[in-house]
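# Summary of the model geometry
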Amino acid sequence: MKVVHTKKTKKDQPINLLFYGDFNCTTGFGNVSKKLIDNWSKNKNFNIVVLAINDMSKAPYNYQPNVLVIPCLVADENKDSYARLELLKALYSESFDVFFALNDIEVLNSMTEHLANVKKERMKANKKKTKYILYTPIDSEPRPSDCVVLDLFDEIITYTEYAKAVLKPIVKESIWKKIKVIPHGIDTEVFFPIYEKDETSKTKTQIFGTDDVFVFGSVNRNSARKDLGTLMIGFAMFKHTSQANAVLYLHCNPQDRMGIDCYRLSERLGLEVGKDIFFPEGFNENKGISESELNKIYNTFDCFITTTTAEGWGLSIVEAMACKKLVVAPRHTSIQEITDNGNNAFLFKFMQRAVFVKKKKKIRFISNPEEVAQVCGIVYNLQNEGDEVLADVDAIIQKAYNHVTKWKWNDIAKKFENIILKLI
């Protein structure tokens, strides 16, 4: 991977930054990368090279005049989706001021020995020192052996106080003391409540065939970690026992290779697709849909519900809150924090620990389908409650909105920019 850097002058000294993470895709990492780079690129002293994970573009391209994107699968002739060899080559041969990684600790940890060698060989060759920054989630407790790579980073930043607390007994005190916490942001010009009833009614009718239906909605990838199966089982139990005028909308690829076949499970559960349960037509998890269309979908929900087994942050939860939707979610990992200790949402009480075999044997948390069914019934019946109860629910929704909309992406990006400038 050959990168041409802008020459430095006395008057104007560009900052050459190598960004390593998801980009130009619909993953949570990809959304965060876009928000950060959109803001950083406004500083014309920044020259950013993005080594882009999960970017399916066929060639490098300029995202902005000062942002060059090189998809990992293009950069790496071995078609390594993480382009690890090319990353190491670039860190050794190119004169970057800053290496910024946005990924799980375990991904970087697999390269610890090689990253350490790159640093050592550059020092021997008397090359400029590149500063290393890691912005990482914690969605389940890592092992000390997973965290060895943290020694190599000049700055370690995680999303939540929960994550920092989880790391405290696992890493050296010197490492833990330099861990900073910077949350994700929310763009309230993108995700916001639509008060025009006619517009929401139109979208609801387009998706569900009628606007006279109660919608439980979830915006999560169909992956093992998001555990859509438990949500579907719980909803089916609620639907069959209550005969409620309610549907479940899952914004995902129902046959994603990373998850379950939702069509087959729907059949097993007696949920008729297009009547009881809905999915977006022709949805591709790598392409997604526009943010404006997604905002319209959020606004059709009467309740946002998730049975995710772990979260590093929970972007879709925050987006739903920014749209003033009541949120139902499990009480674990980052969710307790982003819901202000559960004050701004309905949180499930039951959590069954479970081991994820293909994810480095991580321990995560499974919700109880019976509790899912019970809470669906409670939420559905709220529409028949008196004004005092509805006022209490509205207060919860408003508190959630006030809590999450204080996180602005331009402010978040500026915090990182200040860290970068201070480092160099």
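Just so we're clear, the structure is a prediction, and the values are computed from it rather than from any experiment. Residues take numbers from 1 onward in each chain, read along the sequence in its written order. Totals for whole chains, interfaces and linings use all residues, but because this is a predicted model, local features are given only for residues with pLDDT of at least 70 and pairs of side-chain atoms are given and counted only at 80 or more. The side-chain figures draw on all heavy atoms in the structure; neither hydrogens nor water molecules are used.

## Side note on the overall build of the chain
- If you tally the helices and strands in the chain, you get 16 helices and 16 strands.
- Radius of gyration (C-alpha) of the chain: 23 Å, near the 22 Å computed for a compact globule of 424 residues.
- For the chain, the spread of C-alpha atoms along the three principal axes comes to 75 × 45 × 40 Å.
- Throughout this description, buried means an accessible area under 20% of the type-specific maximum (1.4 Å probe, protein chains only), exposed means over 50%, and partly exposed covers the range between. Evaluated residue by residue, the chain yields a buried proportion of 55% over its 424 residues.
- Should any heavy atoms of two residues lie within 4.5 Å, those residues are counted as being in contact. Across the chain, contacts joining residues at least 24 apart in sequence account for 69% of those joining residues at least 6 apart.
- Calculation of accessible area relied on Shrake-Rupley with a 1.4 Å probe; when residues are assessed, cover is drawn exclusively from the protein chains displayed. On the chain, roughly 19900 Å² of surface is accessible, and the fraction owed to carbon and sulfur atoms is 50%.
- Positive and negative side-chain charges in the chain, numbering 58 and 53 respectively, have mean positions lying 9 Å apart. Comment: elements are numbered from the N terminus, with helices defined as DSSP H or I runs of at least four residues and strands as E runs of at least two. Here the radius of gyration uses the C-alpha set of atoms, whereas the globule reference equals 2.2 Å times the residue count to the power 0.38. Charge counting treats Lys and Arg as positive and Asp and Glu as negative, with His and both chain ends excluded. Charged groups are reduced to one reference atom each: NZ for lysine, CZ for arginine, CG for aspartic acid, CD for glutamic acid.

## Considerations on the nonpolar core
- Among buried residues, the Ala, Val, Leu, Ile, Met, Phe, Trp, Tyr and Cys ones that are joined through side-chain atoms within 4.5 Å form a nonpolar core. Membership of the largest hydrophobic core comes to 62 residues, with the highest contact counts inside it found for Trp40 and Phe100.
- Top contributing element to this core by residue count: helix 16 (residues 409-423), with 7 residues.
- Once you skip the residues sitting within four places of it in the chain, Trp40 turns out to touch Leu17, Phe19, Phe46, Ile48, Phe100, Ala413, Phe416, Glu417 and Ile420.
- Counting residues in each nonpolar core, the second largest holds 38 residues, with Val49, Ile53, Ala90 and Ile175 among its members.

## Focus on the environment of Phe279
- Note on placement: Phe279 falls in the loop between strand 11 (277-278) and helix 11 (291-300).
- In this structure, Phe279 is in contact with Tyr249, Leu250, Cys252, Pro254, Cys262, Tyr263, Ser266 and Val273, ignoring residues within four places of it in sequence.

## Overview of the sheet that holds strand 10 (residues 246-251)
- Spatially, 11-10-9-12-13-14 is the arrangement adopted by the 6 strands of the open sheet, whose pairing is parallel. Edge positions in the sheet fall to strand 11 and strand 14 (346-348), since each has one partner strand and no second.
- Bridge analysis of strand 9 (residues 214-219) against strand 10 gives 6 bridges, and the strand direction is parallel. Bridged to Phe216 within strand 10 is Leu248.
- Working convention: axes come from line fits to C-alpha atoms, limited for helices to the stretch in contact. Angles between N-to-C directions cover 0 to 180 degrees. Against the sheet, helix 8 (residues 197-208) makes contact with strand 9, strand 10 and strand 11, and its axis sits at roughly 85° relative to strand 10, the strand it touches most.
- Those strands touched by helix 14 (residues 369-381) are strand 9, strand 10, strand 12 (303-305), strand 13 (327-330) and strand 14, and its axis lies near 130° from that of strand 9. Paired strands, as defined in this entry, are two strands with at least two bridges between them according to DSSP.

## Comments concerning the pattern of salt bridges
- One speaks of a salt bridge when a side-chain nitrogen belonging to Lys or Arg is within 4 Å of a carboxyl oxygen belonging to Asp or Glu. For the coordinates displayed, the defined rule picks out 22 salt bridges.
- As a salt-bridge pair, Arg221 and Asp256 come within 2.7 Å of each other at their nearest N and O atoms. Remark: Asp256 occurs in the loop between strand 10 and helix 10 (262-269) and Arg221 occurs in the loop between strand 9 and helix 9 (228-242); sequence separation between them is 35 residues.
- Take Arg221: its relative accessible area is 30%, and that puts it in the partly exposed class.
- For Glu311, the salt bridge is made with Arg225, and the minimal N-O distance between the two is 3.5 Å. Linking Glu311 in the loop between strand 12 and helix 12 (315-322) with Arg225 in the loop between strand 9 and helix 9, this pair joins segments that are 86 residues apart in sequence.
- The buried category is assigned to Glu311, whose relative accessible area is 6%.

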